[in-house]
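# Summary of the model geometry
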Amino acid sequence: MEAKDKEKIFGWAGVILRVDLDREKIIKQPLPKELALGFIGGAGINAKILYDEVGPEVDPLGPDNRLIYGTGPLTGTMAPASCRYEVTAKGPFTFAYADSSSGGQFAPELKFAGYDHIVFQGRAKKPVYLWIDDDTVELRDASKIWGKDVFVSDEMLKEEAGDPDIKTSMIGPGGENLIRDAAIMNDRTRACGWGGMGAVMGSKNVKAIAVRGTKGVQVAHPEKIEELAKRCTDLVVNSSKYKFYSYYGKPWLTWLRNEKQKSNPTMNFKLPRVPPSEFPKVDHEEFMKHVVKWKSCFNCPLHCAHVVKGLAGPFKDLVGEGYEYDQMIDGYMMGIYDLNFVLKWTIETNRLGVDCDGPAYAIAWAMDLWERGLINEKDTGGIKLEWGNQEAALAMLNKLVYRQDIGDLLAEGTRVASQKFGKGTEKFAMHSKGARIEIDPRTGWGTALAHATSTRGADHLKGMPLSNAYGKWAGIEYNFADDVSTENKPEAVIFFENMNAVIDSLGICKNLTWQQSEDSFGPSEFAEWMTAVTGHEFTTKGVMKIGERIYNVERAFNAKCGVTRKDDTFPDKFFNETIETKIGKLDREKFEKLKDRYYQLRGWEVATGNPTSSKLKELGLEDIAKDLKDRKIIA
């Protein structure tokens, strides 16, 4: 985008902050107009920068990788839940595309300081943190907080700034020790958890970003924005799902997965769901007994987060914020059916700066090996890794974060750990593209296809059709049937992948959009918001085309890194073992035919799953088409 003195900018701050750690130099670059209009912001612009600057030869934990922060044009505006930022890099799990998103208060503060994106490159000679105070930006010595946990580091940075209201985004010991599942934590308890972004940050010797912003966000049509804000807030508050999310938050999904869909990840997928005799101890109703109060992110009417308290056992009276569905299934994965433990696990993973799920899945894999006699106390440093052993789980978490004994192996994640350990343990490592499998793909065909084709490994946040859980999605041409049927599933997955790429680029939260189903705001409102905020004309069709462009960039980056159709799959277990869901197990022939149809509809090569030159050119990505052709990846 052109300099501010040449063209008034609305929505976007108009600045990319480039931090060259090798040269200890900070450059403020104008945000190119064509980049903003073509990729929106957040995940979209991040993905294009990653593709342009990181090659397949780059080590994810090496200095040539990029760590890219991105807000969106709606971040910090009156749009409901305009609280998100995205962090993107070549991932230490997938060795290809990876990104992660977080809410809270940090992203609006960064936007208020006047920055859309931050690009870290190189590696600092010593630990540093980035201090941003509106126009003042500098690298500062982080040696005093290096080695400290997230909670202590946050307090020390605020004390140093003399301002308890500054916002921080940082790593803990997990990131410093290059744990592949390390998270970037903001506001102490909010996490960019997926994909190992904290490990990339740690590899660059960057401890934190601390920011104070006072500028606000300039918008083109404030009178239209007031009307939009009221209308979209009313859509959320009056939706049929509001009563669930505003009261239970995501913990109500434990019931949906366990009782309706019968596919909660349990004991490294040894069990299809939590046994009926145990589930009442760990369901959403039991969770509510622990709730002290509700909390929300910036400008969010949903207030789906909670402050919770331990009620029994060694963690009685422990108080913490924010455990939800993910942390609850962490307990399930390790065979632990105790929400008091889940609270302790949540606090510890937040404090240490690791994704809550990753260590749980790695420890569950190790517990599986223990039960099978493939490891013993000699391997574990004396810890008995039996299912349900709370003390063992917490002790192993500490070993993992500090890379002690077998914890050094588990810190690599299940794919790399199983490859290093060998002895046939690879078949017990439940991953896709190296990333953990969040929801059992045997839940249904839309779920399976979305997880398989996710650009960052098997996950539900890229393209899982929520219509499978909630019914039709209004205002679109497809009637997405129940997940038992394969009908329209490729169409559904593509629609949601494109739409979610838009959401992650706008800077708003999925809990108010795609997770609220047909009675929430979606693509048509996104177009209205973009028009009102930026002053540029956007249409529903246009924003969805941008979503398609973004997803193709992500897929093209994977193609450049050698991730293709062969990687869009799951371990044999999910094809061979039947569970209680209506489809029972994945039929390989049906699954491959679904993929054929998906690639055809995408306009990609069916044999490889790579984007075609014609599709890339159609989307205005001629430079990427040329690059992939020059590399002899596509014709």
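Higher on the page you've got the structure.
Residues numbered from 1 in each chain as written. Predicted model: local features only at pLDDT ≥ 70, side-chain atom pairs only at ≥ 80, totals over all residues. Heavy atoms only, no water.

The next subject is the overall build of the protein chain. A count of helical and extended segments in the protein chain gives 26 helices and 17 strands. Taking 26 Å as the expected radius of gyration for a compact globule of 635 residues, we find that the protein chain reaches 23 Å, a close match to that expectation. For the protein chain, the spread of C-alpha atoms along the principal axes amounts to about 70 × 55 × 50 Å. Residue burial in the protein chain is summarised as follows: out of 635 residues, 66% are buried. In the protein chain, the share of contacts with a sequence separation of at least 24, taken over all contacts with a separation of at least 6, comes to 69%. On the protein chain, roughly 21,500 Å² of surface is accessible, and the fraction owed to carbon and sulfur atoms is 49%. (Helix = DSSP H or I, 4+ residues; strand = E, 2+ residues; numbered from the N terminus. Rg over C-alpha atoms; globule rule 2.2 N^0.38 Å. Buried < 20%, exposed > 50% of the residue type's maximum accessible area, 1.4 Å probe, protein only. Contact = heavy atoms within 4.5 Å. Areas by Shrake-Rupley, 256 points an atom, 1.4 Å probe, with all protein chains shown as cover.)

Let us look at helix α15 (residues 390-401). Between its first and last C-alpha atoms α15 spans 17 Å; for 12 residues at 1.5 Å apiece the expected length is 16 Å, and the two agree. Of the residues making up α15, those classed as buried are A392, A393, L394, M396, L397, K399, L400 and V401. Taken together, the buried residues of α15 touch α5 (173-176), α12 (339-352), α13 (357-371), α14 (377-380) and α16 (407-410). At the C-terminal side of α15, R403 shows a positive phi close to 55°. (Expected span 1.5 Å × (residues − 1).)

In this model, the second largest pocket occupies a volume close to 380 Å³. Lining of the second largest pocket is provided by 22 residues; of these, D187, R188, T189, K295 and E321 occupy positions nearest its centre. Elements with a contribution of two residues or more to the lining of the second largest pocket: α4 (150-161), β9 (167-170), β15 (319-321) and α12. When the residues that make up the lining of the second largest pocket are grouped by side-chain class, the tally is six nonpolar, seven polar and nine charged. (1 Å grid on protein atoms, 1.4 Å probe; cavity = no way out; pocket = protein on both sides within 12 Å on 5 of 7 lines; lining within 4 Å. Points joined across faces, edges and corners; volume = space filled by probe spheres on them. Nonpolar A, V, L, I, M, F, W, Y, C, P; charged D, E, K, R; others polar.)

Time to look at the pairing of strand β12 (residues 206-212). For β12, a buried count of six out of seven residues is recorded, marking the element as mostly surrounded by other parts of the structure. Here strand β7 (residues 128-133) pairs with β12 via six bridges, running parallel. The partner of I132 across the bridge, within β12, is V211. (Pairing = 2+ DSSP bridges.)

Summarising the element assignment, K510 is placed in the loop between α20 (489-506) and α21 (523-534). In terms of polar contacts, K510 uses its side chain to reach the side chain of D504, at 2.6 Å. (Polar contact = N/O pair within 3.5 Å; in protein donor to acceptor, adjacent residues only side chain to side chain.)

Judged by nonpolar contacts, the single largest core of 200 residues is most densely connected at Y69 and I132. The element that contributes the greatest number of residues to this core is α13, accounting for 10 residues. (Core = buried A, V, L, I, M, F, W, Y, C linked by side-chain atoms within 4.5 Å.)

On to empty space enclosed by the protein. Space left empty within the atom packing is revealed by a probe, the size of a water molecule, rolled over the atoms. The tally for this structure, following the rule as stated, stands at four cavities of 30 Å³ or more. In terms of lining residues, the largest cavity is bounded by 49 residues, among which R84, S101, A191, K250 and E324 are the most central. Elements with a contribution of two residues or more to the lining of the largest cavity: β5 (97-102), β11 (190-192), β14 (305-309), α11 (325-333) and α12. With four residues, β5 is the largest single contributor of residues to the lining of the largest cavity.

Residue F269 is not a glycine yet carries a positive backbone phi of 65°. The residue F269 is located in the loop between α9 (252-260) and α10 (284-288) in this model. Although it is not a glycine, K632 adopts a positive phi angle of roughly 65°. Among the secondary structure elements, K632 is positioned in the segment after α26 (622-630). Look at K632 and you get exposed, because its relative accessible area is 74%.

Once that is clear, we can look at α20. A rise of 1.5 Å per residue sets the reference length of α20, with its 18 residues, at 26 Å; its end C-alpha atoms lie 26 Å apart and thus fit the reference within 8%. Taken from the residues just after α20, G507 is the one with a positive phi, measuring 95°.

In terms of burial, strand β3 (residues 66-70) is largely enclosed, as five of its five residues are buried. With burial as the criterion, each face of β3 is covered, one bearing R66, I68 and G70 and the other bearing L67 and Y69. Bridging between β3 and strand β6 (residues 117-121) involves five bridges; their strand directions are antiparallel. Each bridged residue has a counterpart across the sheet, and for Y69 the counterpart in β6 is I118. Two elements, β3 and strand β4 (residues 85-90), share three bridges in a ladder whose sense is antiparallel. Counterpart to I68 in the pairing with β4 is T88.

Per the stated rule, a full pass over the model turns up 19 aromatic pairs. Between the aromatic rings of Y598 and Y599, the centroid separation amounts to 5.6 Å while the plane-to-plane angle is 70°, which identifies the pairing as edge-to-face. According to the relative accessible area criterion, Y598 is buried, its value standing at 0%. Take Y599: its relative accessible area is 0%, and that puts it in the buried class. Ring pairs connect the aromatic residues F269, F570, F574, F575 and F591, which therefore count as one cluster. Positioned above the aromatic ring of Y51, the side-chain terminus of K560 is 3.8 Å from the ring centre. (Phe/Tyr/Trp six-rings, centres within 6.5 Å; stacked < 30°, edge-to-face > 60°. Lys NZ or Arg CZ within 6 Å of the ring centre and 35° of its normal.)

This part takes up the sheet that holds β14. Across the sheet, which stays open at both edges, the three strands sit in the order β13-β14-β15 with antiparallel pairing between neighbours. Only two strands of the sheet have a single neighbouring strand rather than two, namely β13 (291-295) and β15. Recorded for the sheet is a direction-independent mean angle of 15° between the axes of neighbouring strands. Sheet analysis places β13 next to β14, joined by four bridges and oriented antiparallel. Looking across to β14, one finds that K293 is bridged to V307. Each of β14 and β15 is contacted by α12, which is oriented at about 60° to β15, the strand it contacts most. (Axes fitted to C-alpha atoms, helices over the stretch in contact; angles between N-to-C directions.)

Remember, this is a structural readout, not a statement about activity or role.
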